[in-house]
2 protein chains.
Amino acid sequence: MIRPHFEKMGGLVPVVVQDWQSGEVLMLAFMNAASWEATLRTGVATYWSRSRRELWIKGRTSGRIQRVREIFLDCDEDAVLLRVEQVGDAACHTGRRSCFHKQLAGGEIRIVGEPLFDPREVYGT
Amino acid sequence: MIRPHFEKMGGLVPVVVQDWQSGEVLMLAFMNAASWEATLRTGVATYWSRSRRELWIKGRTSGRIQRVREIFLDCDEDAVLLRVEQVGDAACHTGRRSCFHKQLAGGEIRIVGEPLFDPREVYGT
């Protein structure tokens with residue numbers, strides 16, 4: 001099985017997640033070998049949660065899974081680009097479409113985009 | 001100065017680099033605090049080369065620099081998205097537009113895109 005070079009970063013590779021239709025960058029996540037294999041086997045984006053230290057099927061709690069449409073490795077084969085169909089409205093746990101919603105402007109952070117769901121309703125916290 | 005949380009990954013943050021007009025993902029790189037500050041100060045994308053262990057002004061050798069148009073942090077502020085104007089034809093040292101040119105298809109890698117310059121002429125190797 002083709003796989004990225006996990007050994008360069010202690011068993012993990014960074015994964016860029018992009019909306020396959022709009023091209024919007026939705027998030028940056030990490031995969032280990034098990035999440036890579038699960039993603040290829042199931043077609044549903046599965047990452048490694050560094051904070052919880054466990055396999056993380058993106059959207060398992062919220063229903064907002066990511067169906068993988070295209071997979072690319074970079075030239076050095078130590079980074080992954082997933083082009084996905086984002087099921088539901090948003091990728092970010094804040095309810096926004098993209099995790100990259102904090103724009104630097106004039107030395108300050110400006111939040112771009114409105115929440116599309118209420119995280120308290122989805123995650124119950 | 002606003003800065004990402006470098007401490008979560010030993011002083012580095014992953015940086016997604018996207019063409020600011022087409023939305024194409026060009027590469028994945030890393031920054032340390034010094035490269036972050038240089039990027040903000042100069043407006044030219046500056047990374048940390050993990051292999052050479054030095055500040056890396058992207059395009060310093062080839063002339064194919066990246067002018068930074070927009071900067072985003074993600075929700076956790078531990079990843080960066082640069083939307084850039086790629087000067088010249090290509091971001092990848094292989095001469096291709098994007099470093100993410102190795103597509104997984106049918107269990108094999110298919111190279112997408114033709115070289116736009118000859119790396120031997122540019123890098124002399």
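To be clear, the structure that these remarks concern was listed above.
This section reports on the structure supplied with the text. (Residues numbered from 1 in each chain as written. Chains lettered and ligands numbered in written order. Predicted model: local features only at pLDDT ≥ 70, side-chain atom pairs only at ≥ 80, totals over all residues.)

### Considerations on the interface of chain A and chain B
Taken together, the 28 residues of chain A in the interface contact 28 residues of chain B. For the side of chain A that touches chain B, the secondary structure elements donating two or more residues are strand S1 (13–19), strand S2 (25–31), strand S5 (66–73) and strand S7 (102–105) of chain A. Of the residues forming the side of chain A that touches chain B, the biggest block, four residues, is contributed by S5 of chain A. Pairing analysis gives two bridges linking S7 of chain A to strand S5 (residues 66–73) of chain B, with the strands arranged antiparallel. By the bridge assignment for S5 of chain B, Gln103 of chain A is matched with Phe72 of chain B. (Contact = placed C-beta atoms within 7 Å. Helix = DSSP H or I, 4+ residues; strand = E, 2+ residues; numbered from the N terminus. Pairing = 2+ DSSP bridges.)

### Remarks on the environment of Glu77 of chain A
Mapped onto the elements, Glu77 of chain A comes out in the loop between S5 and strand S6 (80–86). For the pair formed by Glu77 of chain A and Phe6 of chain A, sequence separation is 71 residues and the distance between their alpha carbons is 9.1 Å. Every residue in contact with Glu77 of chain A, bar those within four places of it in the chain, is listed here: Pro4 and His5 of chain A together with Lys102 of chain B.

### Quick look at the relation of the copies chain A and chain B
Least-squares fitting of chain A to chain B yields an RMSD of 0.0 Å, with the superposition described by an axial translation of 0.0 Å and a rotation of 180°. Considering both components of the superposition, the chain copies are consistent with a two-fold axis. In terms of C-alpha distance to the rotation axis, chain A has Gly23 of chain A as its closest residue, with the C-alpha 2.7 Å off the axis. A symmetric contact is evident, with 100% of the interface residues of chain A recurring at the interface of chain B. (Least-squares fit on C-alpha atoms with pLDDT ≥ 70 in both.)

### Some details on helix H1 (residues 33–42) of chain A
Residues and elements named next belong to chain A. Along H1, the residues that are buried comprise Ser35, Trp36 and Thr39. Down the axis of H1, the sector holding all buried residues measures 105°, keeping them to one side. The exposed residues of H1 that point more than 90 degrees off its buried face are Ala34 and Arg41. Along its buried surface, H1 packs onto S2, strand S3 (46–49), strand S4 (54–57) and S5. (Buried ≥ 20, exposed ≤ 12 C-beta atoms within 10 Å, placed from the backbone. Arc of directions from axis to C-beta.)

### Things to note about the sheet that holds S5 of chain B
A sheet is described by the order of its strands in space; here six strands give the open sequence S8(A)-S7(A)-S5(B)-S6(B)-S1(B)-S2(B), paired in mixed fashion. Every other strand in the sheet has two partners, leaving strand S8 (108–111) of chain A together with strand S2 (25–31) of chain B as the edge strands with one partner each. With direction set aside, neighbouring strand axes in the sheet form an average angle of 35°. Bridge count between strand S1 (residues 13–19) of chain B and S2 of chain B: six bridges; the pairing is antiparallel. (Axes fitted to C-alpha atoms, helices over the stretch in contact; angles between N-to-C directions.)

### Some words on the sheet that holds strand S7 (residues 102–105) of chain B
One open sheet holds the six strands; their spatial order is S2(A)-S1(A)-S6(A)-S5(A)-S7(B)-S8(B), and the pairing between them is mixed. With partners counted over all chains shown, the strands left at the sheet margins are S2 of chain A together with strand S8 (108–111) of chain B, one partner each. For this sheet, the mean angle separating the axes of adjacent strands, direction not counted, is 35°.

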